[in-house]
Amino acid sequence: MTAKLKLHPTPEQFQALRQTQLAYRDALNHVSRYAFEHGKMSSGRALQRECYDEIRLKYGIPAQMACNVPRQVGATYKTLSTKVQQNAAARRAGKTKKRYKGLDTAPQYVSPTLTYNYHRDYSLKPEQQVSILTLDGRVIVPYTGYRQHVTRIQAGAHLGASKLWYDKAKKQFYLLISLEIEVADPTPETHTSVVGIDVGVRYLAVTSTTKGACSFHSGKRIVKKANHYARLRKRLQKKGTRSATRRLIAIVGRERRLKQDANHVVSKRIVDQHPHSLIGLEDLTHIRERTKRRRGKKATPKQRRANATYSKWSFAELHGYIAYKALLQGSMAIKVDAHYTSKACPMCGHISDANRPNKGLLFVCQQCHYVLHADLVGARNITMRTLLARQDWARTGILSECPDVSSDETKAERLQRYSELRWSLDTSLSHSMGRGL
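Computed from a predicted model, the values in this text were never measured in an experiment. (Residues numbered from 1 in each chain as written. Predicted model: local features only at pLDDT ≥ 70, side-chain atom pairs only at ≥ 80, totals over all residues. Heavy atoms only, no water.)

1. Let's talk about the packing of aromatic side chains
This structure, assessed with the given rule, holds seven aromatic pairs. Judged by centre distance (5.9 Å) and plane angle (70°), the ring pair of Phe14 and Tyr166 falls under edge-to-face. You can see Phe14 sitting in helix 1 (residues 11-37) and its partner Tyr166 sitting in strand 6 (residues 158-167), a full 152 residues away along the chain. Just as Phe14 is buried, Tyr166 falls in that class too. An angle of 85° between the planes, with centres 6.3 Å apart, marks the rings of Tyr321 and Tyr324 as edge-to-face. One end of the pair is Tyr321 and the other is Tyr324, both in helix 9 (residues 315-328) and three residues apart, which spans about a single turn. On the basis of relative accessibility, which here comes to 14%, the residue Tyr321 falls in the buried class. Chaining the aromatic ring pairs together yields one cluster made of Phe14, Tyr166 and Phe173. In this structure, Lys4 is placed above the aromatic ring of Tyr174, and the distance from its NZ or CZ to the ring centre is 4.5 Å. Across the ring face of Tyr321, the terminal group of Lys325 is positioned such that the distance to the ring centre comes to 5.6 Å. (Phe/Tyr/Trp six-rings, centres within 6.5 Å; stacked < 30°, edge-to-face > 60°. Helix = DSSP H or I, 4+ residues; strand = E, 2+ residues; numbered from the N terminus. Buried < 20%, exposed > 50% of the residue type's maximum accessible area, 1.4 Å probe, protein only. Lys NZ or Arg CZ within 6 Å of the ring centre and 35° of its normal.)

2. A short note on the sheet that holds strand 10 (residues 214-218)
Taken in spatial order, the five strands line up as 10-9-8-11-12 in an open sheet, and their pairing is mixed. Here the strands that pair on one side only, and so sit at the sheet edges, are strand 10 and strand 12 (332-336). The average undirected angle you get between the axes of adjacent strands in this sheet is 20°. Where strand 8 (residues 193-199) and strand 9 (residues 203-209) come together, five bridges link them in antiparallel fashion. Within strand 9, the position partnered with Val195 by the bridge is Thr209. With respect to the sheet, helix 9 is in contact with strand 8, strand 9, strand 11 (277-282) and strand 12, its orientation differing from that of strand 11 by roughly 170°. (Pairing = 2+ DSSP bridges. Axes fitted to C-alpha atoms, helices over the stretch in contact; angles between N-to-C directions. Contact = heavy atoms within 4.5 Å.)

3. Here's the deal with the sheet that holds strand 1 (residues 2-7)
The strand order 2-6-7-1-5-4-3 describes an open sheet built from seven strands, whose pairing is antiparallel. One side of each edge strand has no neighbouring strand; the edge strands of this open sheet are strand 2 (114-116) and strand 3 (122-125). Averaged over neighbouring strand pairs, the angle between their axes works out to 35° when direction is ignored. Running at roughly 105° to strand 1, helix 4 (residues 147-154) makes contact with strand 1, strand 3, strand 5 (137-145), strand 6 and strand 7 (172-180) of the sheet.

4. Side note on the nonpolar core
Counting residues in hydrophobic clusters, the biggest one holds 44 residues, and the most contacted among them are Leu7, Ile55, Val73, Tyr116, Val130, Leu164 and Leu175. It is helix 1 that contributes the most residues to this core, eight residues altogether. Ignoring anything within four residues of it in the chain, the contact list for Leu175 reads Ala3, Lys4, Leu5, Leu7, Tyr116, Tyr122, Val130, Ser162, Lys163 and Leu164. Counting 26 residues, the second largest nonpolar core, distinct from the first, contains Leu258, Val266, Leu281 and Ile322. (Core = buried A, V, L, I, M, F, W, Y, C linked by side-chain atoms within 4.5 Å.)

Quick look at the structure:
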């Protein structure tokens, strides 16, 4: 987890921190240009060997920072090279005609955020003070932060690298410190309940337990604001002036913070409601490819709007928040198959597209005529699959990862096993340990 500490420097310390940031950014751009001119180098070691002495002399950067600069540039070039290769493969397969242009010019670093290594570049002092390295030496700056984060730091949490971030609008420095907290190894007996979570757009999350308890976390208010920002962004992009670009940057940041806040609130509520639980999350990897909606010129306006809506929300971020917050509450999150969770009847196992009339919020089984909210059906199916994973864990002693269902045979085998699951409030952890669900 990341602790965000607000720094309170004196005017002299403020200038020292700002100069250090700008020198670090200039060094990044210098090494980036060198890497581009010498065959788009992505080796951090090679860049450090060639550029270390020059960036120390030219920009006056301390030794450890001078080592971080080539590593960061090398990582950037590796990422961009991977994107170029993926784009080339997609063009050969006919999936796109656009060429990725990320390496047509040398990547330019705009943000002055710099990386500090614990003990080498920064260290924490008593009375909520931090010692930070600058171009002029170390400065000791008082800080404040979120009470729980400060408590964990003072309790001896393992500290990793940190980032010095500058909020230009507020003219405020923050130190973002990565924390590592040890948790006990879980066992099947550690968790006293099983929870399934179905994520979506109309409802950001719907939860269900084996005892029938459920909760709905609506995203109506958030989606309305996100759509408003999308319309503004579209108009500003079309305008294209410098003032429109500045306004666009502000709106993008505001939209990102809106979604992060919503995901934080929803994940905290879910985890607090279900302590010491095994939480099942859908494996949504490659979900856009699996849904097979039409895109581009072949798509209808309705399909384009649906694609835009489902691509806007960060489900992976919500899953990540639930996963790390669950560990702090003695719970644990695992991934389960997401195939047909909202189309399979939890009572009889019948799977059909017709179970979702007009793809709406109502689930009507065409075989047993079971009627329920579609998102709650998805949450119950996820709950049963999570309970099945727990049962296998108790029997074999191994908690297997979400199975690879890329092959048709493996997928058919897993779906056949899931079709035998039946929802019942009589199902409990003690019963499921001794017999099938």
